[in-house]
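Examination of the molecular architecture
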Amino acid sequence: MTYKLICLALSISAGSVIAAPQKLDLSLEQISVSGLSSGGYMANQFHLAHSDWVTKVGIIAAGPYYCAQGSIKTALEQCVNQVLSPIDLNHLNSVANTYATEEKISPLTNLKKSKVWLFHGANDNKVKQEVSDALYEQYADLAGKENVKYVNDQATSHLFPTLSEGSDCQQSVSPYIGNCQYDAAGEMFGYLFDDFAVRVDTPQGQIVELDQQQLGGESASTLADLAYAYVPKSCAAGESCSLHISFHGCNQNSQSVGTQYAQLSGLNNWADNNRMVVLYPQTKNSTFMPLNPQGCWDWWGYTGAEYATQQGQQIQAVTRMARSLQHYSIQQ
């Protein structure tokens, strides 16, 4: 069941006993993020933009920071299923350094304190391994090899691999979650966090709806009306909890797959015993300007030239949402 989160309480089905709403107690000094495909690109951008805040990141099937260089043409020619000319990491890192000097992103020295988990499926034909290799090389240079784990030996397609949820692991089809007998969420969390508690077979918390336009403000104009968050029972009861943000891929937003990404990736199974709220922000499809028919996160500049910085519209909107959760209450 999906519940709607509002400032004072949640509206739930008629006849339910409504207890007093409990304010979330989120520890937001440091957070973690993850993402698949365009969501992986966004997770990387969000990490570099806020590396003083985001200290752990997991990325599936994406390429290096600023790979598209503000151009959809470059994005298609170098950063997904083909690399028509070599990816110039020196140039991309130079842009990142310039942004850091201009204080458009956090100092790159913060990355030395981060932990990074990267994944590329061996049978992924939508993002070439060469592209993900470049992301690994970039992180190894900026964060240090000792802080980066790169998994590229699993025979999975272009999707989010799970133990048993989703479609055929070898078919990159909607909802792009694969029954691969491989727990990507668990492998990621196990590397990023020390002493992470065991997963639960069935999540016992709630998926709540968030007013993304209200929380994200003017910067949320390219996002959907609603986002989702998974809230474990412990967090709903007022225990102190951490925050993880997970960015879906193209054609994987709620407009395309409903709540399946927010339900089936396996992240919630790990969140339950680890007092972790998982925020699932949502893009919207657009056949008008700014053009985004597949509901991708902006990693090539359709929202403006500052898309990969703290001034980027979507980065600003998700940042506002994440920080605003501290002020909201949830019905148990």
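What comes next is a walk through the structure. (Residues numbered from 1 in each chain as written. Predicted model: local features only at pLDDT ≥ 70, side-chain atom pairs only at ≥ 80, totals over all residues. Heavy atoms only, no water.)

**Topic: the pairing of strand 8 (residues 148–151)**
Relative to strand 8, strand 7 (residues 115–119) is paired through 4 bridges, and the arrangement is parallel. For Trp117, the partnering residue across the bridge sits in strand 8 and is Lys149. Taking the sense of rotation as the criterion, the β-α-β connection linking strand 7, helix 4 (residues 129–143) and strand 8 turns out right-handed. (Pairing = 2+ DSSP bridges. Helix = DSSP H or I, 4+ residues; strand = E, 2+ residues; numbered from the N terminus. Right-handed = clockwise from strand over helix to strand, strands pointing away.)

**Observations regarding the sheet that holds strand 11 (residues 177–179)**
The 3 strands are arranged 9-11-10 in an open sheet whose pairing can be described as parallel. Each edge of the open sheet is held by one strand with a lone partner, namely strand 9 (160–162) and strand 10 (167–168).

**A closer look at helix 5 (residues 184–192)**
Since one α-helical turn is 3.6 residues long, residues separated by three or four positions face the same way. Within helix 5, 7 of the 9 residues are buried, leaving the element largely enclosed by the surrounding structure. For helix 5, the set of buried residues is Ala184, Ala185, Gly186, Met188, Phe189, Tyr191 and Leu192. (Buried < 20%, exposed > 50% of the residue type's maximum accessible area, 1.4 Å probe, protein only.)

**As for the side chain of Thr283**
Structurally, Thr283 can be placed in the loop between strand 15 (276–280) and helix 11 (313–324). Polar side-chain contacts of Thr283 include one of 3.2 Å to the side chain of Asn253. With residues up to four places along the chain from it excluded, the contact list for Thr283 reads Thr222, Leu223, Ala224, His248, Asn253, Gly295, Cys296 and Trp297. (Polar contact = N/O pair within 3.5 Å; in protein donor to acceptor, adjacent residues only side chain to side chain. Contact = heavy atoms within 4.5 Å.)

**Digging into the packing of helix 1 (residues 38–49) against helix 11**
The interhelical angle for the contact between helix 1 and helix 11, taken along N-to-C directions, is 75°, at an axis separation of 11 Å. Between helix 1 and helix 11, the interaxial angle falls into the category roughly perpendicular. Contacts between helix 1 and helix 11 involve Met42, Gln45, Phe46 and Ala49 from the first element and Gln314, Ile315, Val318 and Thr319 from the second. A breakdown of the residues in the contact of helix 1 with helix 11 according to their chemical character gives 5 nonpolar, 3 polar and no charged. (Axes fitted to C-alpha atoms, helices over the stretch in contact; angles between N-to-C directions. Parallel < 35°, antiparallel > 145°, perpendicular 65-115°, else oblique. Nonpolar A, V, L, I, M, F, W, Y, C, P; charged D, E, K, R; others polar.)

**Notes on the side chain of His158**
Within the secondary structure, His158 is located in the loop between strand 8 and strand 9. Of the residues examined, His158 reaches a relative accessible area of 8% and is grouped as buried. Beyond its immediate chain neighbours, meaning those up to four positions away, His158 contacts Ser37, Ala61, Asp124, Lys126, Val127, Ser172 and Tyr176.

**So, the packing of helix 3 (residues 89–101) against helix 4**
In contact at an axis separation of 11 Å, helix 3 and helix 4 are set at 50° when each is read in the N-to-C sense. With respect to helix 4, the element helix 3 is oriented oblique. The hand of the helix 3/helix 4 crossing is right-handed. Judged by residue contacts, Leu89, Leu92 and Asn93 of helix 3 engage Ala134, Glu137, Gln138, Asp141 and Leu142 from helix 4. The class makeup of the residues in the contact of helix 3 with helix 4 is 4 nonpolar, 2 polar and 2 charged. (Left-handed = near helix turned anticlockwise from the far one by under 90°.)

**Re unusual backbone geometry**
What is expected of a backbone is that most residues other than glycine have negative phi and most peptide bonds are trans. In this structure, the amide linkage connecting Ser174 to the following residue, Pro175, adopts the cis form with an omega of 10°. Tracing the sequence through the fold places Pro175 in the loop between strand 10 and strand 11. Following Met289, the chain continues to Pro290 via a peptide bond in cis, the omega torsion being -5°. Notably, Ser37 is not glycine yet its phi reads approximately 60°, a positive angle. Even without being glycine, Gln181 reaches a positive phi, approximately 50°. For Gln181, the position within the fold is in the loop between strand 11 and helix 5. Since its relative accessible area comes to 59%, Gln181 is described here as exposed.

**Some details on the state of the cysteines**
Applying the stated criterion to the full structure yields 4 disulfides. For Cys67, the disulfide goes to Cys79, at an S-S distance of 2.1 Å. Taking the sign of the torsion about the S-S bond as the criterion, the disulfide between Cys67 and Cys79, at about -100°, is left-handed. Placement of Cys67 in the loop between strand 6 (54–60) and helix 2 (72–78) and of Cys79 in the loop between helix 2 and helix 3 is noted, with a sequence separation of 12 residues between them. Its relative accessible area of 2% is what places Cys67 among the buried residues. At a sulfur-sulfur separation of 2.1 Å, the disulfide partner of Cys235 is Cys241. Measuring the twist about the S-S bond at about -105°, one finds the Cys235-Cys241 disulfide to be left-handed. Note on accessibility: Cys235 and Cys241 belong to one class, buried. If the cysteines joined by disulfides in the chain are listed in sequence order, their pairing comes out as 1-2, 3-4, 5-6, 7-8. (Disulfide = S-S within 2.5 Å.)

**Considering the packing of aromatic side chains**
The description of an aromatic ring pair rests on the distance of the ring centres and on the angle between the ring planes. In total, this model carries 18 aromatic pairs according to the counting rule given. Each ring, one from Tyr66 and one from Tyr99, has its centre 5.9 Å from the other, and the planes form 85°; the classification is edge-to-face. Linking Tyr66 in the loop between strand 6 and helix 2 with Tyr99 in helix 3, this pair joins segments that are 33 residues apart in sequence. Judged by relative accessible area, Tyr99 falls into the buried class, the value being 10%. When the centroid spacing of 5.4 Å and the interplanar angle of 15° are considered together, the rings of Tyr136 and Tyr150 count as stacked. Of the two residues, Tyr136 is situated in helix 4 and Tyr150 in strand 8; the sequence distance between them amounts to 14 residues. For Tyr136, a relative accessible area of 23% gives the class partly exposed. On the basis of relative accessibility, which here comes to 18%, the residue Tyr150 falls in the buried class. Cluster of aromatic residues (ring-pair linked, three or more members): Tyr41, Trp299, Trp300 and Tyr302. (Phe/Tyr/Trp six-rings, centres within 6.5 Å; stacked < 30°, edge-to-face > 60°.)

Nothing here speaks to function; it is all geometry.
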